[in-house]
Amino acid sequence: MNDIKLALLGSEGAGKSAVLVRFLTKRFIGEYASNTNSLYHKRLSIDGRQLNLEVFDPCSQSEESKCILEEPLDWADGFVVVYTISDRTSFLNAKNILAQIKESRRETCKGEVPICLMGNKQDLCHSRQVSDEEGRSLAQENKCLFQEVSAAENYLEISNLFTKLIRHVMEQLKHRGDRRRYSGSKSMAKLINNVFGKRRKSV
Ligand SMILES: Nc1nc2c(ncn2[C@@H]2O[C@H](COP(=O)(O)OP(=O)(O)OP(=O)(O)O)[C@@H](O)[C@H]2O)c(=O)[nH]1
């Protein structure tokens, strides 16, 4: 069984939990606790392969809590970076997060870091502050997957994006010698318990 570890990153309220819960359960739930770090588990089958998916959904990454990024950056095999199309600040924050991911993997990761950039809340396009082209070009600069989505209204696009990202992670893991840096001795659950004190979720 392959273990795949993803981290969700983005501004407060960008819709990280909504996007993830949409993918894992096909449902949209309006409100989520935002002051806790959560680790979600799900068994999946992609291309006939059984996967053990773990997704870390940290509480919001404000400027002051920048250090919170360090553990997921080290731990994850791939990243989902979420911004809101109706909030330019969240887009600028996503840009910073992408730069931090690249910087943290510069020495250890020879190939591309599997990342998916999601412009969420597409249903709020009447109050759009970030164009689709801006999102697309930021994704191209950083060699990551990109799509605008609406966790509130759409399942399929989100599911397809996660699936593409997981395929990319599986490809990268095949080519890497240091496949499981943390599993066993230093799991994310332990890291989170140590650093933050947290809940684990299964869906
Ligand atoms: N209109 C609309 N609202 C959304 C969408 N996705 C999430 N929301 C709403 O945006 C708010 C924040 O969503 P969350 O999923 O909690 O965002 P988050 O990024 O996990 O937030 P933190 O946990 O605070 O970091 C909630 O009120 C959601 O109902 C969407 O696609 N469209």
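Analysis parameters
Residues numbered from 1 in each chain as written. Predicted model: local features only at pLDDT ≥ 70, side-chain atom pairs only at ≥ 80, totals over all residues. Heavy atoms only, no water. Axes fitted to C-alpha atoms, helices over the stretch in contact; angles between N-to-C directions. Helix = DSSP H or I, 4+ residues; strand = E, 2+ residues; numbered from the N terminus. Parallel < 35°, antiparallel > 145°, perpendicular 65-115°, else oblique. Contact = heavy atoms within 4.5 Å. Nonpolar A, V, L, I, M, F, W, Y, C, P; charged D, E, K, R; others polar. Core = buried A, V, L, I, M, F, W, Y, C linked by side-chain atoms within 4.5 Å. Buried < 20%, exposed > 50% of the residue type's maximum accessible area, 1.4 Å probe, protein only. pLDDT = per-residue confidence, 0-100. Phe/Tyr/Trp six-rings, centres within 6.5 Å; stacked < 30°, edge-to-face > 60°. Salt bridge = Lys/Arg side-chain N within 4 Å of Asp/Glu carboxyl O. Arc of directions from axis to C-beta.

Two numbers describe how helix α1 (residues 16-25) lies on helix α5 (residues 156-174): the axes approach to 9 Å, and their chain directions differ by 85°. Our classification of the angle between α1 and α5 gives roughly perpendicular. Mapping the contact onto sequence places Val19, Leu20, Arg22 and Phe23 in α1 and Ile158, Ser159, Phe162 and Ile166 in α5. For the contact of α1 with α5, the class distribution of residues is six nonpolar, one polar and one charged.

The next thing to look at is the nonpolar core. As a rule of thumb, nonpolar side chains are buried together in soluble globular proteins. Core analysis: the largest hydrophobic core is formed by 30 residues, its most contacted members being Ile4, Leu6, Phe23, Leu53, Met118, Phe162 and Ile166. The biggest single contributor to this core is α5, with eight residues. Discounting chain neighbours no more than four positions away, the residues touching isoleucine 4 are Leu51, Asn52, Leu53, Glu54, Asp77, Ile166, Val169, Met170 and Leu173. Core analysis: the second largest hydrophobic core is formed by 24 residues, Phe56, Val81, Tyr83 and Phe91 among them.

Now for unusual backbone geometry. Trans is the prevailing form of peptide bonds, just as negative phi is the prevailing case for residues other than glycine. With a phi angle near 70°, lysine 26 is a residue other than glycine that sits in the positive phi range. Examined against the element boundaries, lysine 26 turns out to sit in the loop between α1 and β2 (38-46). Although it is not a glycine, lysine 121 adopts a positive phi angle of roughly 65°. With a relative accessible area of 25%, lysine 121 lands in the partly exposed category.

When pLDDT is averaged along the protein, the result is 83, and 76% of the positions lie at 70 or above. Per-residue pLDDT stays below 50 along residues 63-68; that stretch engages in six contacts with residues further than four places along the chain or on separate chains. pLDDT under 50 marks residues 181-200. Its contacts with residues more than four places away, or in other chains, come to 40 contacts. Scored as a whole, the predicted complex attains pTM 0.85, and scored at its interfaces, ipTM 0.98.

As a further point, take the packing of aromatic side chains. Counted according to the given criterion, the structure contains three aromatic pairs. With centroids separated by 4.9 Å and ring planes inclined at 70°, the aromatic side chains of tyrosine 83 and phenylalanine 91 adopt a geometry described as edge-to-face. As far as burial versus exposure is concerned, tyrosine 83 and phenylalanine 91 are alike and both buried.

On to the pattern of salt bridges, then. Taken as a whole and assessed by the stated rule, the structure comprises six salt bridges. The shortest N-O distance in the salt bridge between glutamate 148 and arginine 128 comes to 2.8 Å. Here glutamate 148 is found in strand β6 (residues 145-148), whereas its partner arginine 128 is found in the loop between β5 (115-120) and α4 (132-141), with 20 residues between them in sequence. Residue classification places arginine 128 among the partly exposed positions, given a relative accessible area of 32%. The partner of lysine 174 in a salt bridge is glutamate 171, with the nearest N and O atoms 3.2 Å apart. Of the two residues, lysine 174 and glutamate 171 both sit in helix α5, three residues apart, roughly one turn of that helix. On the basis of relative accessibility, which here comes to 53%, the residue lysine 174 falls in the exposed class.

Turning our attention to α4. Burial in α4 covers these residues: Gly135, Leu138 and Ala139. Summarising the axial view, the buried residues of α4 lie within an arc of 100°, below the 170-degree limit, and thus occupy one face. Exposed residues pointing more than 90 degrees away from the buried face of α4 are listed as Glu133, Gln140 and Glu141. Where α4 is buried, its residues touch β4 (78-84), α3 (88-105), β5 and β6.

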